[in-house]
Structures are given as structure tokens and as C-alpha cells.
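Understanding the architecture of this molecule
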Number of protein chains: 2
Amino acid sequence: MSVTIKDVAKLANVSISTVSRVINNSKPVSLEARKRVLDAIEQLGYKPNEVARSLVTRKSNLIGVIVTDIGNSYIAEMIRGIEEIGRMYKYDIVLSSSYGNPDTEKKFAQLLMSKQVEGIILVSENDKQSVIEEIKGLKIPFVYLNRYYDSQDMPTVTINNFEASQEMTKYLVNLGHRNILYVTSNEDNKASLERFKIDGYKKAISDVDKAEEFIYSVKGFKPEDGYKMGDKVMEIVKENNITAVFCCQDELAIGFINYCYDNGIKVPEDISVSGYGDTKMASIYRPRLTTVKEPYYDIGAVAIRRIIKNLKSEEKEKDHIYLPIRIMKRESCKKI
Amino acid sequence: MSVTIKDVAKLANVSISTVSRVINNSKPVSLEARKRVLDAIEQLGYKPNEVARSLVTRKSNLIGVIVTDIGNSYIAEMIRGIEEIGRMYKYDIVLSSSYGNPDTEKKFAQLLMSKQVEGIILVSENDKQSVIEEIKGLKIPFVYLNRYYDSQDMPTVTINNFEASQEMTKYLVNLGHRNILYVTSNEDNKASLERFKIDGYKKAISDVDKAEEFIYSVKGFKPEDGYKMGDKVMEIVKENNITAVFCCQDELAIGFINYCYDNGIKVPEDISVSGYGDTKMASIYRPRLTTVKEPYYDIGAVAIRRIIKNLKSEEKEKDHIYLPIRIMKRESCKKI
DNA sequence: TTGAAAGCGCTAACAG
DNA sequence: CTGTTAGCGCTTTCAA
């Protein structure tokens, strides 16, 4: 069997309490005893059993992370932030993928609870309030991350979508574009963040003479959806002399550029296209995608820092934390 | 505090042993008692404390996964496989990112041990034997996954790189290419899997009349590296009438195609380019990348299944498991 | 079929 | 400064 605190105590000729004390630096121990203990630990290769420790301290040093799908690069990026910062505070993360199913999200939350995780970060892509309620009921620190939907009075960390969208539109305007098509998705859902983005777009447009609003709504956020919308979008583009298409997500933008590529339409020569998110793809793809940088890594990092802070201080902070965005000026949008 | 087995026992008017028995179905319990217990559990919303359970059973139902960087899409894909299959067997995964540092890998292995993980999967990108030795010394089931380096007598799951490379080369030959440049990386390292891939390439070339070997070696595996090699590669291409470039990794291929894009060289019209891996990018990028599908999801899935099998049966299986590959015939390579 | 009791490995009073 | 002891919540003999 593996070596326990008892073995160390015996070898060092002290009681297990003393060993515990030196491991945790919880109480003064004579130099001499400490040395003997340390030697014994070294000699036996002793590692405290964290499970036993957790049982008594009720601290597992585990944070549960429930995500939709780690295959999404933006989620992977968030997890990087979560993991890296968590590590700094000696927290490990246990990962579960819900693949978007709210019931699975709930089930995982319960599962994680029974593993005694100290906090939960939920990266969701749906707007089911019931999941949030369930997790809130768990009475452990909790941060909710959702790229698509808004959740009232939830601890979360996001960007200011109104400003982000406005900024991007302004940038396009500065490039000389006047007829800019904003492609939105699921904007009918009241919880959708799209309403802020649309407002930001509208605001920017309304601030400019001779600029006109054009909004087109599609279903879905995937590259395929961006591809499929191609025909219709190009129709609108032609009818209205549109020179720039601002897509509400990078994936959509890339799908649309793929459509353009396949149909002999040159980006940005024939039309400028911008995205939103700055997923990994955006900078590797050609043409490099002009987009809004939503700082996924930082979002994850701040989320876990919040949880840890909460764990330490018991005091709740304000619910929303807004992180700054940046316009990534790349090749897919050109001056006209 | 949260409800414990005692509370359930009290409410159900039985001893805690009985409660334990019904939870675990470990011993017969009278129908009547069982019902009372079940009711009590229901009523109190009791969930067993897994930490306490682990302490006595020495089963944590946790598998430790150490990866280089979850930001690599192929690694994310492996993790998906690991997580999804692990879940089926009620295992949770705890994730650590080493960012390629061998010492960190070792440290995490120890950390995971103290959390009582039942097995470890290491997704590494270096060839440090010492890490493997360390983890082997932990005496828990362990699978080693490495896309770049070969590890003798390690439990692992891979593809047959010789065959994969041979297949791809054959495919290019069938497309009509005779002068095919194979771009390798780090081939000087004895542990590199490149030697198998190079051999596969050579074999395929030598099987064809009028086909000649061209091998170019670069440093690194990233898109940037693929980009940087562009000038030199195009020089070689021109000198030798090369019509196809077979890159040893997708990332390299994409970087190279980016170079081509930026320099007005059309792929596949001017030159065919193939990759290796079939990372997520390969099918989204334009032109869609012709490549070897290395089944990352399955690799992860099989890896954890091995661990679980091992846990159950104590018997060791053979060390290497080979998964089948596929040539993904897409747009970046054309017939000539 | 059931309950009492002994731990799993550790921390944290408490007494000295 | 140190040792003894009582648990943490649960599983598992052992007797009944």
C-alpha cells in the first residue's frame, strides 16, 4: 500500500499531529522535529492523500467546469484560461461536456457536487433558466459564461456587446463603407445578446450620413449556416449596393467567405466581410478575418478568479464583469 | 450542512449500514426497509459524498489527463473522446495542461496521484523518456499519446504511420503526380515518428516508375513554420518540377498554403498540397485540405477504454493499438 | 436481513 | 511545542 502519515510519524518518531503540522505549516514545530519529519517524508516519498484531506477540511481543491463542447475553439480557449489561473491557486479542474443538453448540464452539476467541487463554471450555449436555478441552488460559487445569451443577475463575465458591435461598425464606416449588412442569428429570442449587438450596429449607422441599416437574420451560428446563407446574402448585397457584411460570429463569417470562395467572389476585393469573436481560425484563415476580439482566455481566467475570490472571502461581488474588446483589423475588410 | 447517510438512516429508521446497502446494492435488504430508505433519500435529496466513498473504497472515479495544450484542436478532439467514453463508465476527468514542459508533466502526474486518480493519460509532444518512467513508477494504469514521437513498449494508441504516409503518397501518385516533395520536421530525432512516415513515402515512390524522392526538412510544426518555409520550398519546387507537396502535418500545410495565397500561387491549380492529421481546420479551410485522417477522437476513446479495462481486469494488454486511417480526398490536391 | 463497530488517512481541538 | 483523541462520511467485516 502507499505510504501514509502514520508511516512518516513512526519513522520520524513523532506523532501524526506533528507530521500534519509540518505538512500544513499550521502550528509551530521544533526545528529538530521538523527536520526529522521532512527527512522521513523525503525518504518515504510521502504524498498526503488529498482525498482524506478533503474529507476533513471539506476543501477538494477542485472546480467543476461544464462546457458545451470542448471542440469549439473558443471554449477550449476559455478552459485554458480557467485551468491556467486555477492552477496558480492550486485548483484542479474537472471537465464535463454537455453537448448542449440542459438536462445533462443539470446532471453534471449534481455529479460535480457529489465530488465536492468547490465551485462551478458553466459554459453554456442555451438560454435555459432552469439550469441556472438548479446550479444556484447548489450553494457554491458559480459563474455562468454564455457567448450567445444574456442572463439577468447571474455572476458572469462578458464583453459589452453593444459597444463591441458599435466599434466594429464604426471601423467599417471609417473604411468608407456606407451600406453595411449586419447578419444576425436567433435575434428573436429575448435573451439573445444579439439585441445589444444590433443596437450597437444601428447606433453606429445612425451616426453617419448616408449610411443605411441592413439587417439579415439567419438560423444557426456554424460555418455551414454561413455558407448556406450565401445565395440570399449576395442577393441582398446586389440589390442594395452593400459593400461590407458584418457577421455576428466568426464561424458565420468564415462559412460565408467559403461560399464566396466557391462562387468566385473575392474577399475583400468584391466584398468586405467581418466576424465577431476572434476565434483561433480567424487569424489562420485566408484572408485573415477582420473581427471583434472577444477575449475568451481572459473570460475564463477572470471567471475562475471570481470563484476563488468568492471562496476566500464569502463576499459576493457585483454580478457582471465586462472585459475590454479590440477590433482586429485584418485582411477581410478593405478600404473603399 | 449537507445531508449525510446518517440523516437518511435516522429518517428511514434503519442503521447507516442498511442505507449503504441500498445505495450500493451490495447486500440484500428487505423490500420494506429498502422502500423506507429510498423514500428518505428522495425526501432529503441525499447524494452520497463521493470523497468519503473514495477514501474507503480507494476508487476516485477520476482519470487524470495531462495534455500539452488544450488549445490544439487535435488535443481537444482527443479529450472529447476521453471524456465521452469515460463518462459512459462513470469516470470524470481532471485536466492539466503542461504547455510542453516535461517537469510540469511530472509534477502534474504526482499531483494527480495525490488526488487519487485511478489512471493517467498523458498527451505529450516531447520525447522525454524520464516523464514516462516517472509515470510508470506510479503503478496505476497509464496510456501515452504522442503525435510526434515513438515510445518503445509504452501502452499507447496510434496509427500506422508508415502505411498512412504510403497511402497518401500512393494517392498523389494516382492523381498523376510523379515529383512529390515530402516536407518533414525534426526527422533527425531518433524517436520521431517521421522516420516511419518518410519510409512510407519512400516506399510508395520507389514502387512507381519515373517517380523520384524529394525530401525537405524544416523546423517546427506550426502554421508559421509552414509559412516561413515557403520561399525555400518554392525554390525546390521550381528546380525539380515538383507538382505536389506532402506536408507531415496539417498545420505546416496550411501555413504553406497561406504563403502561397499571399504570394499569388494558386493551390491546387499551380501546386497540390496535402497535409497529415485532419485537424478541424482542414475541412473548414479553403481550399479544403487533402489529408490523412488521424482519428484523434477515437484515439482518446480507445485510450481511456484501455485504462478502464485495465482497472477492471488487472491484466495488461499488448502495448500498441493501431487505429485505421483514411485519406481525406479534398480540394488542395488535384489531378494532373 | 440487520446493526454495531472498525477503520480509510487526515485535520483540529484539547490537554499537557 | 507535542501527543491524544474525536471525528469527516462512508463501506465493510462480524455477530446477531
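Residues numbered from 1 in each chain as written. Chains lettered and ligands numbered in written order. Predicted model: local features only at pLDDT ≥ 70, side-chain atom pairs only at ≥ 80, totals over all residues. Heavy atoms only, no water.

Thoughts on the protein's contact with DNA strand C
- Close to DNA strand C lie 26 residues; Ile5 and Tyr46 of chain A together with Arg21, Ser30 and Arg58 of chain B are nearest.
- Counting only atoms of DNA strand C within 4 Å of the protein, the fraction found in sugar and phosphate groups is 65%.
- Between DNA strand C and arginine 21 of chain A there is a distance of 3.3 Å, counted from a base nitrogen to a side-chain nitrogen or oxygen.
- Asparagine 24 of chain A is positioned such that a nitrogen or oxygen atom in its side chain is 3.0 Å from a phosphate oxygen of DNA strand C.
- Counting only elements with at least two residues in the surface near DNA strand C, the list comes to α2 (16–24) and α4 (50–57) of chain A together with α2 (16–24) and α4 (50–57) of chain B.
- No other element matches α2 of chain A, which puts 5 residues into the surface near DNA strand C.
- Tallied by class, residues from the surface near DNA strand C come to 12 nonpolar, 10 polar and 4 charged. (Near = heavy atom within 4 Å. Polar contact = N/O pair within 3.5 Å; in protein donor to acceptor, adjacent residues only side chain to side chain. Helix = DSSP H or I, 4+ residues; strand = E, 2+ residues; numbered from the N terminus. Nonpolar A, V, L, I, M, F, W, Y, C, P; charged D, E, K, R; others polar.)

Some words on the protein's contact with DNA strand D
- Taken together, 27 residues lie around DNA strand D, and Ser17, Arg21 and Arg58 of chain A together with Ile5 and Tyr46 of chain B are the ones closest in.
- The contact atoms of DNA strand D, taken as those within 4 Å of the protein, divide so that sugar and phosphate hold 64%.
- Serine 15 of chain A places a main-chain nitrogen or oxygen 3.0 Å from a phosphate oxygen of DNA strand D.
- Going through the elements one at a time, α2 and α4 of chain A together with α1 (5–12), α2 and α4 of chain B are the ones with two or more residues in the surface near DNA strand D.

Here's the deal with the environment of isoleucine 236 of chain A
- Topologically, isoleucine 236 of chain A is positioned in helix α11 (residues 230–240).
- With near-sequence residues (within four places) excluded, isoleucine 236 of chain A lies in contact with Leu181, Tyr216 and Ile242 of chain A. (Contact = heavy atoms within 4.5 Å.)

Topic: the relation of the copies chain A and chain B
- With an axial shift of 0.1 Å and an RMSD of 0.1 Å, the rotation relating chain A to chain B amounts to 180 degrees. What the rotation and shift describe, once combined, is the action of a two-fold rotation axis. Measuring from the rotation axis to each C-alpha of chain A, the shortest distance belongs to valine 94 of chain A, at 2.2 Å.
- The share of interface residues of chain A whose copies in chain B are also at the interface is 100%, consistent with both copies meeting through the same surface. (Least-squares fit on C-alpha atoms with pLDDT ≥ 70 in both.)

Focus: the domain arrangement of chain A
Residue and element names in this part refer to chain A.
- Considered domain by domain, chain A is made up of domain 1 (5–57), domain 2 (62–158 + 296–321) and domain 3 (161–293).
- Relative placement of domain 2 and domain 3: their C-alpha centres are 29 Å apart.
- At the interface, 10 residues of domain 2 touch 14 residues of domain 3.
- Each partner contributes to the roughly 1,000 Å² buried at the junction of domain 2 and domain 3, and carbon and sulfur atoms together form 50% of this total. (Domains from an automatic or database assignment. Buried area = accessible area lost by both parts, 1.4 Å probe.)

Digging into unusual backbone geometry
All names here are of chain A.
- Cis peptide bonds are those with omega within 30 degrees of zero, and the linkage from valine 267 to proline 268 qualifies with 5 degrees.
- Its place among the elements puts proline 268 in the loop between α12 (250–262) and β9 (272–274).
- The amide bond that connects arginine 286 to the next residue, proline 287, takes the cis arrangement and shows omega of -5 degrees.
- Note on placement: proline 287 falls in the loop between α13 (280–284) and β10 (291–293).

Considering the pairing of strand β3 (residues 119–124) of chain A
Residue and element names in this part refer to chain A.
- With 6 of its 6 residues buried, β3 lies for the most part within the structure.
- Along β3, one buried face is formed by Gly119, Ile121 and Val123 and the opposite face, lined by Ile120, Leu122 and Ser124, is buried too.
- Pairing of strand β1 (residues 62–67) with β3, which is carried by 4 bridges, proceeds in the parallel orientation. What sits directly across from isoleucine 66, in β3, is leucine 122.
- For β3 and strand β4 (residues 142–146), the ladder comprises 5 bridges, and the chain directions are parallel. Bridging across to β4, serine 124 finds its partner in asparagine 146.
- Each parallel crossover has a hand, and the one from β3 via helix α7 (residues 129–136) to β4 is right-handed. (Buried < 20%, exposed > 50% of the residue type's maximum accessible area, 1.4 Å probe, protein only. Pairing = 2+ DSSP bridges. Right-handed = clockwise from strand over helix to strand, strands pointing away.)

With respect to the pattern of salt bridges
- As enumerated under the stated definition, the model contains 41 salt bridges over all chains in all.
- With a closest N to O distance of 3.4 Å, glutamate 235 of chain B and lysine 232 of chain B form a salt bridge. On the criterion of helical spacing, the pair formed by glutamate 235 of chain B and lysine 232 of chain B is a turn pair, its members being 3 residues apart in helix α11 (residues 230–240).
- With a relative accessible area of 38%, lysine 232 of chain B lands in the partly exposed category.
- Close ionic contact of aspartate 278 of chain B with lysine 293 of chain B constitutes a salt bridge, the shortest N to O distance being 3.7 Å. Of this pair, aspartate 278 of chain B sits in the loop between β9 (272–274) and α13 (280–284) while lysine 293 of chain B sits in strand β10 (residues 291–293), placing them 15 residues apart in sequence.
- Accessibility expressed as a relative area gives 13% for aspartate 278 of chain B, which makes it buried.
- Within the structure, one salt-bridge network assembled from shared partners comprises Lys115 of chain A together with Glu83, Arg87 and Asp92 of chain B. (Salt bridge = Lys/Arg side-chain N within 4 Å of Asp/Glu carboxyl O.)

Some remarks on the nonpolar core
- The biggest cluster of nonpolar side chains holds 163 residues, and the ones touching the most others in it are Ile121 and Val245 of chain A together with Val245 of chain B.
- In this view, isoleucine 121 of chain A contacts Ile63, Gly64, Val65, Ile66, Ile82, Val143, Leu145, Ala303, Ile304 and Ile307 of chain A; residues no more than four positions away in its chain are not counted. (Core = buried A, V, L, I, M, F, W, Y, C linked by side-chain atoms within 4.5 Å.)

A few points about the side chain of glutamate 294 of chain B
All names here are of chain B.
- On the secondary structure map, glutamate 294 appears in the loop between β10 and α14 (296–313).
- Of the side chains bearing the opposite charge, arginine 147 lies closest to the buried glutamate 294, which forms no salt bridge; the N-O distance is 5.3 Å.
- Setting aside residues up to four positions removed in sequence, glutamate 294 forms contacts with Arg147, Ile159, Tyr276, Gly277, Asp278 and Ile299. (Lys, Arg positive; Asp, Glu negative; His and termini not counted.)

Here's the deal with the pairing of strand β8 (residues 244–247) of chain A
Residues and elements named next belong to chain A.
- Burial of the side chains of β8 extends over both faces: Ala244 and Phe246 are buried on one face and Val245 and Cys247 on the other.
- Strand direction decides the pairing type here: strand β6 (residues 179–185) and β8, joined by 4 bridges, are parallel. Each residue of the ladder has a partner; that of tyrosine 182, found in β8, is phenylalanine 246.
- For β8 and β9, the ladder comprises 3 bridges, and the chain directions are parallel. Across the sheet, alanine 244 pairs through a bridge with serine 272, a residue of β9.

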